[in-house]
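Letter by letter, the chains look like this.
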Amino acid sequence: MGFRYRQKRYGRLLQVEFRGLKDVGIKCISKHYTTSRLSPKLPPTDFIPLPYKGVSYEKAQSMQLENVFPQVQMYEEPLLLHEGKMQWLFDHKGKRYLDMFGGIATVSVGHCHPRITEAIAEQSGILGHVSGAYEHPKIYEYVEALVSKMPGDLKTVYLVNSGSEANELAMQLVRLHTGNQDVISIQNCYHGVSGNLHGLTALASAKFNNMSAGHFIHHAMCPDVFKGIWGGKKCRDSPVQTQRSCECDRVHCRAADKYYEQLEDIFSYSIPRGKVAGFFAESIQGVGGIVQFPRGYLKRVYDLIRSNGGLCVADEVQSGFGRTGEHFWNFQSHGVTPDIVTMAKGIGNGFPMAAVVTTPAIARSLNSAFHFNTFGGNPVSCAVGVSVLKVIDEEDLQQNCLDVGTYFLEKLRGMRREWKIIGDVRGKGLMIGVELIDGDQDDSDKGLINPLNCRAISRIKNDCLKMGLLFGVGGVRSNVLRFMPPMCVTKDDVDFTIAVLRRAMQNYYEAKYRNNL
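Residues numbered from 1 in each chain as written. Predicted model: local features only at pLDDT ≥ 70, side-chain atom pairs only at ≥ 80, totals over all residues. Heavy atoms only, no water.

A word on the overall build of the protein chain. Helices and strands together make up the secondary structure of the protein chain, namely 14 helices and 18 strands. In summary, the protein chain has a C-alpha radius of gyration of 24 Å against a globular reference of 24 Å for 517 residues, a match within 12%. In the protein chain, which comprises 517 residues, the share counted as buried stands at 53%. With an accessible surface of roughly 23,000 Å², the protein chain has 52% of that area assigned to carbon and sulfur atoms. (Helix = DSSP H or I, 4+ residues; strand = E, 2+ residues; numbered from the N terminus. Rg over C-alpha atoms; globule rule 2.2 N^0.38 Å. Buried < 20%, exposed > 50% of the residue type's maximum accessible area, 1.4 Å probe, protein only. Areas by Shrake-Rupley, 256 points an atom, 1.4 Å probe, with all protein chains shown as cover.)

Below is the structure:
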């Protein structure tokens, strides 16, 4: 009882042989495959975690069920994390993991970076909280440092505590300043789920059926050049392009024109000309699966919105602070300057803080009524913010994002040539997505792409966990592996990640043709 499965991909051959249900190994023609069954070895570190002294694992799971509101379940067996250091995380048993997700792009300069922990301790010993009703010097020090990173007239800062708060305030500002109500966002976007953002976000998985989808909210077609109607291998601002052909050239992207026309139709059918309040867009969609827009699209949309009386909002919650490498803010890669920028996550390296940055004229629109934030801009958060900006500059982390991220993308491009289930590799710097598809039912030449099923995704993700690798999953079908690690990761960390992914995919194919997964 046995069979041989032969997978061809770009001239390379992988043979997996089974005798009964016993795997006798992998015979490889490609030099990229190995026959070793040992798990890839984590890069070394001198850091030794403290002994775990918290509640038992069993009690933690019981309390999670009975006493804690439900959260996203990442793994079959929940991971109880105990300590972190730079790019490393440790569980309650002391097992080490490479964190290639960074708490959803939140840990920017590294877990428990000494400069950040020192800033927290020092400021907490001087002045911890006074609320926005009083002035304190740290807020001015931070605002001055943050504004120095902003282009144009973006020089007025409102500090809050989360990305959702920042986007809620931005929504209020565009309506107050323009006197209009209609707001446009893009399908597959994520801007938060509280209040008005429940409607602004365009992912059905984030919608509750007893909440309004949002008044005066409109969603434009997502300009996805991999799965969308238009686009191909000349459209994206990334070291790695899609593999399908397109009619674009290096100077002009026709796919951008087509998607722009879809958004412009909103002004023919849904919003009167000249009556739009604002347009929200992530410069790279994060939760939606690291989706990049075609070249020139965002610039044309900004011009359209402004010509119709609206303001343009750049959501840099996940893509800001140098993460994408070439620019400090990824909206700069689109050649645009927004009217309002929202930011969070990496702004505080895990400390709860966020900001809205806009022009003085737009900021004054908030003076028409009372608006207040108790914790936003407190002295400790401002001390953290100052330290994060200094570390990014002094440790050259933006350049590291460019160098290590490009290296990572090139390695993933190589894997795409080897594995049929890798449909697309995309991103910039250390904001990277790998879209997994059903390689045995690939109809991409007909414009049809079948996502890899959730059971297979779960197997690959849990297999990587066992080998010490953490990453996220996103996309409307939850079939995109998301990599947004602390910006201090190294090429050795990337090599380990590639080795683990390759081993997990080998294991998946072995299990698939043994058990018909």
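Now that the structure has been shown, the text picks up again.
Looking now at the environment of methionine 150. Relative to the elements of secondary structure, methionine 150 occurs in the loop between α4 (137-147) and β7 (156-160). You can call methionine 150 buried: its relative accessible area is 9%. Taking the C-alpha atoms as reference points, methionine 150 and serine 387, 237 residues apart in sequence, are found 17 Å from one another. Beyond its immediate sequence surroundings of up to four residues, methionine 150 is in contact with Trp329, Val341, Met343 and Val357. (Contact = heavy atoms within 4.5 Å.)

To continue, consider the sheet that holds strand β18 (residues 480-483). Here four strands make up an open sheet; going across it, the order is β14-β15-β18-β17 and the pairing antiparallel. Unpaired on one side and paired on the other, β14 (422-428) and β17 (472-474) mark the two borders of the sheet. Pairs of neighbouring strands in the sheet enclose a mean axial angle of 25 degrees, with direction left out of account. Note: β17 against β18, three bridges, orientation antiparallel. Its bridge partner lying in β18, valine 473 is registered against leucine 481. Taken strand by strand, helix α12 (residues 397-418) contacts β14, β15 (431-436) and β18, and its axis lies near 170 degrees from that of β14. (Pairing = 2+ DSSP bridges. Axes fitted to C-alpha atoms, helices over the stretch in contact; angles between N-to-C directions.)

Counted by the stated rule, this structure contains 13 aromatic pairs. The interplanar angle of 80 degrees and the centroid separation of 5.1 Å between the aromatic rings of phenylalanine 328 and tryptophan 329 together place this pair among those described as edge-to-face. Taken individually, phenylalanine 328 and tryptophan 329 each receive the classification buried, so the pair is uniform in this respect. Here the aromatic rings of phenylalanine 370 and phenylalanine 372 are separated by 6.1 Å at their centres, their planes lie at 15 degrees, and the arrangement is stacked. A relative accessible area of 74% means that phenylalanine 370 is categorised as exposed. An aromatic cluster is built from Trp419, Tyr508, Tyr509 and Tyr513, whose rings are joined through pairwise contacts. The ring of tyrosine 260 is capped by arginine 300, whose NZ or CZ atom sits 3.9 Å from the centre of that ring. (Phe/Tyr/Trp six-rings, centres within 6.5 Å; stacked < 30°, edge-to-face > 60°. Lys NZ or Arg CZ within 6 Å of the ring centre and 35° of its normal.)

The N-to-C vectors of helix α13 (residues 454-466) and helix α14 (residues 491-515) enclose an angle of 135 degrees; their axes lie 9 Å apart at closest approach. Accordingly, the angle class assigned to the pair α13 and α14 is oblique. The handedness of the crossing between α13 and α14 is right-handed. Residues Ala456, Arg459, Ile460, Asp463 and Cys464 of α13 form the contact with α14, whose participating residues are Val500, Leu501, Ala504, Asn507, Tyr508 and Ala511. Within the contact of α13 with α14, the residues separate by chemical class into eight nonpolar, one polar and two charged. (Parallel < 35°, antiparallel > 145°, perpendicular 65-115°, else oblique. Left-handed = near helix turned anticlockwise from the far one by under 90°. Nonpolar A, V, L, I, M, F, W, Y, C, P; charged D, E, K, R; others polar.)

The next subject is the layout of surface pockets. Approximately 550 Å³ is the volume found for the second largest pocket. Those elements that provide at least two residues to the lining of the second largest pocket are α4, β7, α5 (163-178), β13 (354-358) and α10 (360-363). Here the lining of the second largest pocket is composed, by residue class, of 14 nonpolar, 13 polar and two charged. (1 Å grid on protein atoms, 1.4 Å probe; cavity = no way out; pocket = protein on both sides within 12 Å on 5 of 7 lines; lining within 4 Å. Points joined across faces, edges and corners; volume = space filled by probe spheres on them.)

Okay, the nonpolar core next. Looking at soluble globular proteins, one finds that nonpolar side chains tend to be buried together. Leu146, Ile184, Phe279, Tyr297 and Met343 are the most contacted members of the largest nonpolar core, which has 102 residues in total. Tallying contributions element by element places α14 first for this core, with ten residues. Residues in contact with methionine 343, not counting those within four places in the same chain, are Leu146, Met150, Ala166, Glu316, Val317, Phe321, Trp329, Ala354, Ala355 and Val357. Counting 22 residues, the second-largest nonpolar core is a separate cluster that includes Ala166, Val174, Leu197 and Val356. (Core = buried A, V, L, I, M, F, W, Y, C linked by side-chain atoms within 4.5 Å.)

Mapped onto the fold, leucine 430 is located in the loop between β14 and β15. Residue classification places leucine 430 among the buried residues on the basis of a relative accessible area of 1%. Expressed as a C-alpha distance, the spacing of leucine 430 and tyrosine 57, which sit 373 residues apart in the sequence, is 32 Å. The contacts of leucine 430, once residues within four sequence positions are left out, are Arg323, Cys401, Val404, Gly405, Phe483, Met484, Pro485, Pro486, Met487 and Val489.

Inspection of the entire model under this criterion finds two cavities of 30 Å³ or more. Considered as a void within the structure, the largest cavity measures approximately 50 Å³ in volume. Residue lining of the largest cavity: 13 residues in total, with Ala105, Gly320, Phe321, Arg323 and Gly346 positioned closest to the centre. Of the residues belonging to the lining of the largest cavity, the class tally is five nonpolar, five polar and three charged.

Here we take up the sheet that holds strand β5 (residues 88-91). Across the sheet, four strands lie side by side as β4-β5-β6-β16; this open sheet has mixed pairing. In the strand order of this sheet, the two ends are held by β4 (81-85) and β16 (469-470), each with one partner. Both strand β6 (residues 96-99) and β16 contribute to a ladder of two bridges, which runs parallel. Paired with leucine 98 across the two strands is leucine 469, which belongs to β16.

With that settled, the discussion passes to the pattern of salt bridges. Within this structure, the stated rule accounts for 18 salt bridges. Residues glutamate 141 and lysine 138 are paired through a salt bridge, measuring 3.0 Å at the closest nitrogen-oxygen approach. Placement of the pair is glutamate 141 and lysine 138 together in helix α4, with a separation of three residues, close to one helical turn. With relative accessibility at 21%, the residue lysine 138 sits in the partly exposed group. Residue glutamate 435 is joined to lysine 227 by a salt bridge in which the shortest nitrogen-to-oxygen separation is 3.2 Å. Taken as a pair, glutamate 435 in strand β15 and lysine 227 in the loop between β9 (217-220) and α7 (254-264) lie far apart in primary sequence, 208 residues in all. Among the ionic contacts, a cluster of salt bridges with common partners joins Asp224, Lys227, Arg236, Arg416, Asp424, Arg426 and Glu435. (Salt bridge = Lys/Arg side-chain N within 4 Å of Asp/Glu carboxyl O.)

Nothing here speaks to function; it is all geometry.
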